[in-house]
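Fold and geometry: a report
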Amino acid sequence: MHGADPRLVLGLHRSRHHRDILTAALDLGVTALDTAAPYLGFRSHTVLAETAADLLPKFTLSTKVGFFPSAVGAEHSLDPVRLRLAVERAARELGREPDTVFLHNPERTLAGLSIADGHTLLGNACTVLADAARDGLCGAWGAASWDTRSLGMVQVDDLPSPDVLMVRAGFLVGIDLLDATTVLRTAWQAGETWGMSPFGGGHRKVWEDFDPRPFLRPRHGDLSRIQAAFRTAFHLPSASAMAVGTDDPGHLAQLVRALSAEVDTAAVSQYLRALHSHRQR
């Protein structure tokens with residue numbers, strides 16, 4: 001059994017929630033688990049409690065609220081009352097209080113609103129989650145955003161600061177989004193940043209054409225391109241942890257092994273400068 005390493009978070013998006021991937025994660029030292037209310041057809045919390053109640057206390061557990069069942073499958077809402085009830089429901093369904101509750105893709109509701117309306121709505125939603133953490137319904141709160149540009153436009157500097165900001169990370173994130181994330185987390189004074197989706201949703205063809213191993217020091221020819229992409233994603237943008245979804249213990253083991261590699265930060269800086277230069281042409 002490996003020692004615990006909080007840098008790798010096992011994400012359950014698209015996961016079948018089988019017990020074997022959870023036990024494999026613990027054996028590999030992966031002790032952080034991330035899910036969300038709508039995962040597995042809005043059954044993620046209850047299935048976890050039913051199949052792995054004895055394992056959940058061994059994980060640092062995060063979940064997300066903001067999507068709700070509807071006649072068309074799911075709808076997004078930042079209504080404070082619905083969010084508070086969702087946090088309470090998450091703790092009840094899981095059989096324990098989550099360590100972190102994220103506001104799930106708040107940009108889904110903010111899109112199209114005026115800056116003033118968006119600021120008010122996001123502020124109320126953040127206050128609800130901050131109050132939930134204060135009341136002991138969760139240990140901390142955060143925001144998980146697929147597109148941080150909308151959040152930055154509503155001027156977050158005077159809103160409650162999230163303990164964690166979860167954002168897209170890796171080589172498949174464009175420079176506009178990377179810059180928006182940098183501006184947002186500075187203005188919002190987020191406690192820490194987690195990355196997610198470092199492989200861009202499984203675009204394997206990309207890694208056949210592009211070799212990220214030169215971004216490691218040394219180049220680690222013994223690691224795969226996928227491993228190098230994962231390790232470098234911690235710097236695109238800078239993140240303390242990375243959420244990755246998999247049901248394959250072998251894939252998880254490869255990612256754990258990649259954590260020991262060192263990233264050439266000078267090469268990453270050169271890459272970012274090249275992206276900025278290309279955008280300005």
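The rules behind these values
- Residues numbered from 1 in each chain as written.
- Predicted model: local features only at pLDDT ≥ 70, side-chain atom pairs only at ≥ 80, totals over all residues.
- Heavy atoms only, no water.
- Helix = DSSP H or I, 4+ residues; strand = E, 2+ residues; numbered from the N terminus.
- Rg over C-alpha atoms; globule rule 2.2 N^0.38 Å.
- Buried < 20%, exposed > 50% of the residue type's maximum accessible area, 1.4 Å probe, protein only.
- Contact = heavy atoms within 4.5 Å.
- Areas by Shrake-Rupley, 256 points an atom, 1.4 Å probe, with all protein chains shown as cover.
- Salt bridge = Lys/Arg side-chain N within 4 Å of Asp/Glu carboxyl O.
- Pairing = 2+ DSSP bridges.
- Axes fitted to C-alpha atoms, helices over the stretch in contact; angles between N-to-C directions.
- Core = buried A, V, L, I, M, F, W, Y, C linked by side-chain atoms within 4.5 Å.
- Expected span 1.5 Å × (residues − 1).
- Phe/Tyr/Trp six-rings, centres within 6.5 Å; stacked < 30°, edge-to-face > 60°.
- Lys NZ or Arg CZ within 6 Å of the ring centre and 35° of its normal.
- Arc of directions from axis to C-beta.

**Concerning the overall build of the protein**
The number of helices and strands found in the protein is 12 helices and 10 strands. Computed over C-alpha atoms, the radius of gyration of the protein comes to 19 Å, within 12% of the 19 Å expected from 2.2 N^0.38 for 281 residues, which places it in the range of a compact globule. The principal-axis extents of the C-alpha atoms in the protein amount to approximately 50 × 50 × 35 Å. By residue count, 50% of the 281 residues in the protein fall in the buried class. Of the contacts formed within the protein by residues at least 6 apart in sequence, a portion of 76% connects residues at least 24 apart. Total accessible area computed for the protein in this model is approximately 12600 Å², and 52% of it derives from carbon and sulfur atoms.

**What to know about the pattern of salt bridges**
Counted according to the given criterion, the structure contains 18 salt bridges. Taking the shortest distance from any N to any O, the salt bridge between R217 and E262 comes out at 2.6 Å. Here the residue R217 occupies a position in the loop between α9 (204-209) and α10 (225-232), and E262 occupies one in the loop between α11 (249-258) and α12 (265-280), the gap between them amounting to 45 residues. Its relative accessible area of 40% is what places R217 among the partly exposed residues. Residue classification places E262 among the partly exposed residues on the basis of a relative accessible area of 41%. Across the salt bridge formed by R257 and D222, the nearest N and O atoms sit 3.0 Å from each other. A residue pair is termed long-range when its members are at least 10 positions apart, and R257 in helix α11 and D222 in the loop between α9 and α10 qualify at 35 residues. We classify R257 as partly exposed; its relative accessible area is 40%. Through salt bridges with shared partners, a single network forms among R84, E88, D131, R134 and D135.

**Considering the sheet that holds strand β8 (residues 164-168)**
Spatially, β1-β2-β3-β6-β7-β8-β9-β10 is the arrangement adopted by the 8 strands of the closed barrel, whose pairing is parallel. The average angle at which neighbouring strand axes cross in this sheet is 25 degrees, direction not considered.

**A word on the nonpolar core**
Nonpolar side chains tend to gather and get buried jointly when the protein is soluble and globular. Membership of the largest hydrophobic core comes to 46 residues, with the highest contact counts inside it found for L10, L22 and F230. Looking at this core, the elements that each hand over two or more residues are β1 (8-11), α1 (19-27), α3 (44-52), α10, β10 (241-245), α11 and α12. In terms of nonpolar packing, the next biggest core, distinct from the first, is built from 29 residues, V128, A132, C138 and L184 among them.

**Re helix α8 (residues 175-188)**
Over its 14 residues, α8 runs 20 Å from end to end, which matches the ideal 20 Å to within 8%, given 1.5 Å per residue. Taken residue by residue, α8 has I175, L177, L178, A180, T181, L184 and W188 as its buried positions. Q189, located one to two residues past α8, shows a positive phi value of around 55 degrees.

**Concerning the packing of aromatic side chains**
Summed over the entire model, instances satisfying the criterion amount to 9 aromatic pairs. Note on F102 and W194: the rings are 5.5 Å apart at their centroids and 65 degrees apart in plane angle, and the pair reads as edge-to-face. Pair noted here: F102 is in strand β6 (residues 100-104) and W194 is in strand β9 (residues 192-196), with a separation of 92 residues, a long-range link. Here F215 and Y271 contribute two aromatic rings whose centre-to-centre distance is 5.6 Å and whose plane-to-plane angle is 85 degrees, an arrangement assigned as edge-to-face. Residue F215 is found in the loop between α9 and α10, and its partner Y271 is found in helix α12; the two are separated by 56 residues along the sequence. Each member of the pair, F215 as well as Y271, is classed as buried. Ring-pair connections join several aromatic residues into one group, and the members of that group are F171, W207, F210, F215 and Y271. Its guanidinium or amino end placed over the ring of W146, R168 lies 4.5 Å from that ring's centre, counting from NZ or CZ. Note that R231 overlies the ring of F234, its terminal NZ or CZ placed 5.2 Å from the centroid.

**A closer look at α12**
Over its 16 residues, α12 runs 23 Å from end to end, which matches the ideal 22 Å to within 8%, given 1.5 Å per residue. Listed as buried for α12 are A267, V268 and Y271. With its buried residues spanning 100 degrees around the axis, α12 presents them on a single face. Relative to its buried face, α12 has exposed residues pointing more than 90 degrees away, namely A266, Q270, R273 and Q280.

**Section: the pairing of strand β7 (residues 140-145)**
Across the 6 residues that make up β7, a large majority, 6, are buried. Of the two faces of β7, the one carrying A140, G142 and A144 and the one carrying W141, A143 and S145 are both buried. Strand direction decides the pairing type here: β6 and β7, joined by 5 bridges, are parallel. Paired with H104 across the bridge in β7 is A144. Alignment of β7 against β8, held across 4 bridges, turns out to be parallel. Opposite A143, over in β8, you have L165 as the bridge partner.

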